[in-house]
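In case you want the letters, here they are:
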Amino acid sequence: MKYEWLEEYLHALPGVEKDYKIEWKWDRYMIRGKLFAAVCAPEGMKDERYNGHTLVNLKCDPRLAELYRGEYPEVLPGFYCDKKTWNAVLLDGDLPDGLLRDMCRQSYELVLAKLPKYVQREIAGAQ
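Treat the numbers as computed from the prediction; the structure is a model and nothing was measured.

A.B. asks: Help me get a handle on the overall build of the protein, residues and values and all.
C.D. replies: For the protein, the helix and strand inventory stands at four helices and six strands. Helices and strands appear in the protein in the N-to-C order α-β-β-β-β-α-β-β-α-α. For the protein, whose C-alpha radius of gyration is 14 Å, the value lies close to the compact-globule estimate of 14 Å for 127 residues. With respect to the three principal axes, the spread of C-alpha positions in the protein is 45 × 30 × 25 Å. Expressed as a percentage of its 127 residues, the buried residues of the protein come to 43%. In the protein, the share of contacts with a sequence separation of at least 24, taken over all contacts with a separation of at least 6, comes to 49%. Here the protein displays about 7,200 Å² of accessible surface, and carbon together with sulfur accounts for 52% of that area. Counting 19 positive and 21 negative side-chain charges, the protein places the averaged centre of each group 8 Å from the other.

Below you can see the structure in the form of structure tokens.
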């Protein structure tokens, strides 16, 4: 994986929990049980774009999702997620580190914003 910093970055965001979903072979990053990022390496898929690549699924504003996909070949519709609101970023591509960090942060903030206000305050207070 090209982005060695990714796991540490995702896990260091406030309130993040990590687990491994053995059935899917996914490392999942969540806030209070709500997924905002998942790292996996799909194999044997009908859509060859995902096969043999380690990728991270990230939640994204639908308008930005289309822009990212149009500009960067390593950004695909979400793998095994809603294709409108999730992107899959191939981690062996050439996406700039700064952009991947921004996409991770955006995903985190989208999920955090959907949590109850008291949870958002708890997480903000824990920083």
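Let's pick the thread back up.
A.B. asks: Now, about helix α3 (residues 97–114): what can you tell me, with residues and values included?
C.D. replies: Between the first and last C-alpha of α3 there are 26 Å, a value that for 18 residues agrees with the 26 Å anticipated at 1.5 Å per step. Of all the residues in α3, the buried ones are Leu99, Leu100, Met103, Cys104, Ser107, Tyr108, Val111 and Leu112.

A.B. asks: Requested: an account of the nonpolar core, with residues and values cited.
C.D. replies: Residues Leu6, Phe36, Val56, Val89 and Leu100 are the most contacted members of the largest nonpolar core, which totals 30 residues. If you list the elements that add at least two residues to this core, you get α1 (6–12), β2 (26–31), β3 (34–40), β4 (55–59), α2 (62–71), α3 and α4 (117–125). With seven residues, α3 is the largest single contributor of residues to this core. Not counting residues up to four positions away in its chain, the partners in contact with valine 56 are Leu6, Ala37, Ala38, Val39, Asn87, Ala88, Val89, Leu91 and Leu100. By size, the runner-up hydrophobic cluster in this structure holds 11 residues, among which are Trp26, Cys40, Leu55 and Leu90.

A.B. asks: Report on the pairing of β3, specifying residues and quantitative values.
C.D. replies: Counted residue by residue, β3 has five buried out of seven residues, so it is predominantly covered. Pairing geometry for β2 and β3, over five bridges, is antiparallel. Paired with isoleucine 31 across the bridge in β3 is lysine 34. Linking β2 to β3, which pair antiparallel, is a turn of two residues; within it arginine 32 sits at a positive phi near 50°. One ladder, built from four bridges, connects β3 with β4; its direction is antiparallel.

A.B. asks: Give a detailed account of the layout of surface pockets, specifying residues and quantitative values.
C.D. replies: By volume, the largest pocket amounts to about 190 Å³. Looking at the lining of the largest pocket, its residues break down into eight nonpolar, no polar and two charged.

Rules used throughout
Residues numbered from 1 in each chain as written. Predicted model: local features only at pLDDT ≥ 70, side-chain atom pairs only at ≥ 80, totals over all residues. Heavy atoms only, no water. Helix = DSSP H or I, 4+ residues; strand = E, 2+ residues; numbered from the N terminus. Rg over C-alpha atoms; globule rule 2.2 N^0.38 Å. Buried < 20%, exposed > 50% of the residue type's maximum accessible area, 1.4 Å probe, protein only. Contact = heavy atoms within 4.5 Å. Areas by Shrake-Rupley, 256 points an atom, 1.4 Å probe, with all protein chains shown as cover. Lys, Arg positive; Asp, Glu negative; His and termini not counted. Charge placed at Lys NZ, Arg CZ, Asp CG, Glu CD. Expected span 1.5 Å × (residues − 1). Core = buried A, V, L, I, M, F, W, Y, C linked by side-chain atoms within 4.5 Å. Pairing = 2+ DSSP bridges. 1 Å grid on protein atoms, 1.4 Å probe; cavity = no way out; pocket = protein on both sides within 12 Å on 5 of 7 lines; lining within 4 Å. Points joined across faces, edges and corners; volume = space filled by probe spheres on them. Nonpolar A, V, L, I, M, F, W, Y, C, P; charged D, E, K, R; others polar.

Worth remembering: the numbers are spatial, not functional.
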